[in-house]
Amino acid sequence: MDWTAPGQEEVAPGVHRIPLPLPDDGLRAVNVYAVTGRHTNTLIDGGWRTDAARDALDTALASLGLAVRDFDRCLVTHHHRDHYTMAVDLRRRAGLSVSLGEGERASIESVRRPRRPFQEQRPLLYAGGAGIVVELLDRLSPKPVDKHDYEEPDHWLDDGQTVPLDGRTLRVRATPGHTLGHVVFVDDEARLMFTGDHVLPHITPSIGFEAVTRRTPLADYLSSLALVLDEPDRLLLPAHGPAGGSVHVRATELLAHHERRLTQTEQAVRAGAATGYEIARALRWTRRERRLAELDPFNQMLAVTETLAHLDVLCAQGRAHMRDENGIWVYSP
């Protein structure tokens, strides 16, 4: 089954997966989950604010005999536009409340300020010796960020907080890594976990692409994968890809993937690649094993910054060493 096909799929009693289209995005769709009750209903994630996504959501809800006005809240896993911006739009349309993890507060504040495209990533790219990628990004014409898409939520969610719904209770777990304030929602009684982009069934999420950068996004992400492994196993309800399967199985696969990636990155350093950009060029990217130059500028940026995140972990483990040479980070065994 094509998981991006329009409509709705009941993935658990009272839980309906609704894929919404994404504009110009390799992911193709984002899953919004409609959690229905006897009197009130809740959305998990909102989607990307576009006319096509709005129409797809309205059509899917209508097939359930519902409309957006029948929902009283939207719980959002993180601030990326394919999850958050439609939630804000739904608040304007239907008056539902929006909730977001407390750790996203600084990112929401940053996105709302005037800023150059990819402003936060530019220093990392220059430090990684990837000035050429900055030049490629400057040739793009990205859609300006509408600060109204990033209005503050009605509620900030804390780690461990419980959210009572109609007929069930969700528990909030902070899972930083993909973003600083990413959260997952756990339904202990029904044995479900709405994982957002933290645990995805077929791809690995980008690490640390957000409006507030930090030096340890991969270390944070690996710790957050260990956190969900410490939880009882749940049914995987991801933001991208089909629903179903074990959270534990996929989290274990993701940990193994990053260990392989750390080893590949270490091997590139030992072979003589010295900067983040050189090391990213020595690696292969996506499931199609593409070279860095085969990626579009946006994904080249992600590749270089993720390489730097892996290098940070290698340095912390003593498997590589970094020195600053006139503002460029140079790595050696």
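Here the structure is a predicted model, which is why all the values come from computation and not from measurement.

Colleague: Sorry if this is basic, but what is going on with the overall build of the chain here?
Modeller: Broken down by element type, the chain carries nine helices and 14 strands. For 333 residues, the compact-globule formula gives about 20 Å, and the C-alpha radius of gyration of the chain, at 20 Å, lands near that figure. On the principal axes, the C-alpha backbone points of the chain span a range of 60 × 40 × 35 Å. The proportion of buried residues among the 333 residues of the chain is 53%. Carbon and sulfur atoms make up 50% of the accessible area of the chain, which amounts to about 14,500 Å² in all.

Colleague: For this particular structure, what's the right way to read the nonpolar core?
Modeller: Considering soluble globular proteins, one finds that nonpolar side chains tend to be buried as a cluster. Formed by 45 residues in total, the largest nonpolar core has its most connected members in Leu 125, Val 133, Leu 218, Ile 279 and Val 304. Contributions of two or more residues to this core are made by helix H4 (122–127), helix H5 (131–138), strand S10 (183–187), helix H6 (217–230), helix H7 (247–270), helix H8 (276–282), helix H9 (297–316) and strand S14 (328–332). Ranked by residues supplied to this core, first place goes to H9 with nine residues. When sequence neighbours within four positions are dropped, the list of residues in contact with Val 133 reads Leu 125, Tyr 277, Pro 297, Gln 300, Met 301 and Val 304. If you look at the next biggest cluster of nonpolar residues, it comprises 32 residues, including Ala 56, Val 68, Phe 71 and Leu 90.

Colleague: Please clarify how the packing of aromatic side chains should be interpreted in this entry.
Modeller: Aromatic ring pairs: the centre-centre distance and the angle between the two ring planes describe each pair. Taken as a whole and assessed by the stated rule, the structure comprises four aromatic pairs. When the ring of Tyr 33 is compared with that of Phe 194, the centres are 5.4 Å apart and the planes differ by 75°; the resulting orientation is edge-to-face. Note that Tyr 33 is positioned in strand S3 (residues 29–35) and Phe 194 in strand S11 (residues 192–196), a separation of 161 residues in sequence. A relative accessible area of 2% places Tyr 33 in the buried class. One aromatic cluster is present, built from ring pairs that chain together Phe 118, Phe 209 and Phe 298. When the ring centre of Trp 285 is taken as origin, the NZ or CZ atom of Arg 261, which lies over that ring, is 4.3 Å away.

Colleague: Even after reading the chapter, I still don't get unusual backbone geometry, so can you show me in this structure?
Modeller: Across residues other than glycine, the phi torsion is negative in most instances, and most of the peptide bonds are trans. Phi is positive for Arg 191, close to 60°, though the residue is something other than glycine. With respect to the helices and strands, Arg 191 occurs in the loop between S10 and S11. Residue Arg 191 is classed as partly exposed on the basis of its relative accessible area of 45%. Backbone geometry at Glu 289 places phi at a positive 55°, although glycine is not the residue there. Assignment of secondary structure puts Glu 289 in the loop between H8 and H9.

Colleague: Before we go on, may I ask you to explain H7 in this structure?
Modeller: Within an α-helix, residues lying three or four positions from one another point in the same direction, as the helix has 3.6 residues per turn. Taking 1.5 Å per residue, 24 residues should reach 34 Å; H7 reaches 35 Å between its end C-alpha atoms and fits that length. Taken together, the buried positions of H7 are Val 247, His 248, Arg 250, Ala 251, Leu 254, His 258, Arg 261, Leu 262, Thr 265, Glu 266, Ala 268 and Val 269. In this fold, the buried residues of H7 make contact with S11, H6, strand S12 (235–238), H8, H9 and S14. Capping the start of H7, Ser 246 holds a side-chain oxygen 3.1 Å from the backbone nitrogen of His 248, two or three residues further along.

Colleague: Sorry if this is basic, but what is going on with the packing of H5 against H9 here?
Modeller: The description of two packed helices rests on the angle between their axes and on the distance between the axes. Put simply, H5 and H9 touch, their axes get as near as 9 Å, and they point 150° apart. The pairing of H5 with H9 is recorded here as roughly antiparallel in orientation. Handedness of the crossing formed by H5 with H9: left-handed. Together, Val 133, Leu 136 and Leu 137 of H5 and Pro 297, Phe 298, Gln 300, Met 301 and Val 304 of H9 make up the contact between the two elements. Here the contact of H5 with H9 is built from residues that sort into seven nonpolar, one polar and no charged.

Colleague: Which parts of the structure should I look at to understand the pattern of salt bridges?
Modeller: Two side chains with opposite charge may pair up if their charged atoms get near one another. The tally for this structure, following the rule as stated, stands at 22 salt bridges. Between Arg 173 and Asp 159 there is a salt bridge, and its shortest N-O distance comes to 3.1 Å. In this pair, Arg 173 is assigned in strand S9 (residues 169–174) and Asp 159 in the loop between strand S7 (155–157) and strand S8 (162–164), connecting sequence segments 14 residues apart. Here Glu 325 ties to Arg 323 by a salt bridge, and the two come within 2.6 Å at their closest N and O atoms. Looking at Glu 325, the relative accessible area reads 36%, which means it is partly exposed. On the accessibility criterion, Arg 323 (42% relative accessible area) is partly exposed. Among the charged side chains, a network of salt bridges with common partners joins Asp 159, Arg 171, Arg 173, Asp 188, Glu 231 and Arg 234.

So, how was this worked out
Residues numbered from 1 in each chain as written. Predicted model: local features only at pLDDT ≥ 70, side-chain atom pairs only at ≥ 80, totals over all residues. Heavy atoms only, no water. Helix = DSSP H or I, 4+ residues; strand = E, 2+ residues; numbered from the N terminus. Rg over C-alpha atoms; globule rule 2.2 N^0.38 Å. Buried < 20%, exposed > 50% of the residue type's maximum accessible area, 1.4 Å probe, protein only. Areas by Shrake-Rupley, 256 points an atom, 1.4 Å probe, with all protein chains shown as cover. Core = buried A, V, L, I, M, F, W, Y, C linked by side-chain atoms within 4.5 Å. Contact = heavy atoms within 4.5 Å. Phe/Tyr/Trp six-rings, centres within 6.5 Å; stacked < 30°, edge-to-face > 60°. Lys NZ or Arg CZ within 6 Å of the ring centre and 35° of its normal. Expected span 1.5 Å × (residues − 1). Polar contact = N/O pair within 3.5 Å; in protein donor to acceptor, adjacent residues only side chain to side chain. Axes fitted to C-alpha atoms, helices over the stretch in contact; angles between N-to-C directions. Parallel < 35°, antiparallel > 145°, perpendicular 65-115°, else oblique. Left-handed = near helix turned anticlockwise from the far one by under 90°. Nonpolar A, V, L, I, M, F, W, Y, C, P; charged D, E, K, R; others polar. Salt bridge = Lys/Arg side-chain N within 4 Å of Asp/Glu carboxyl O.

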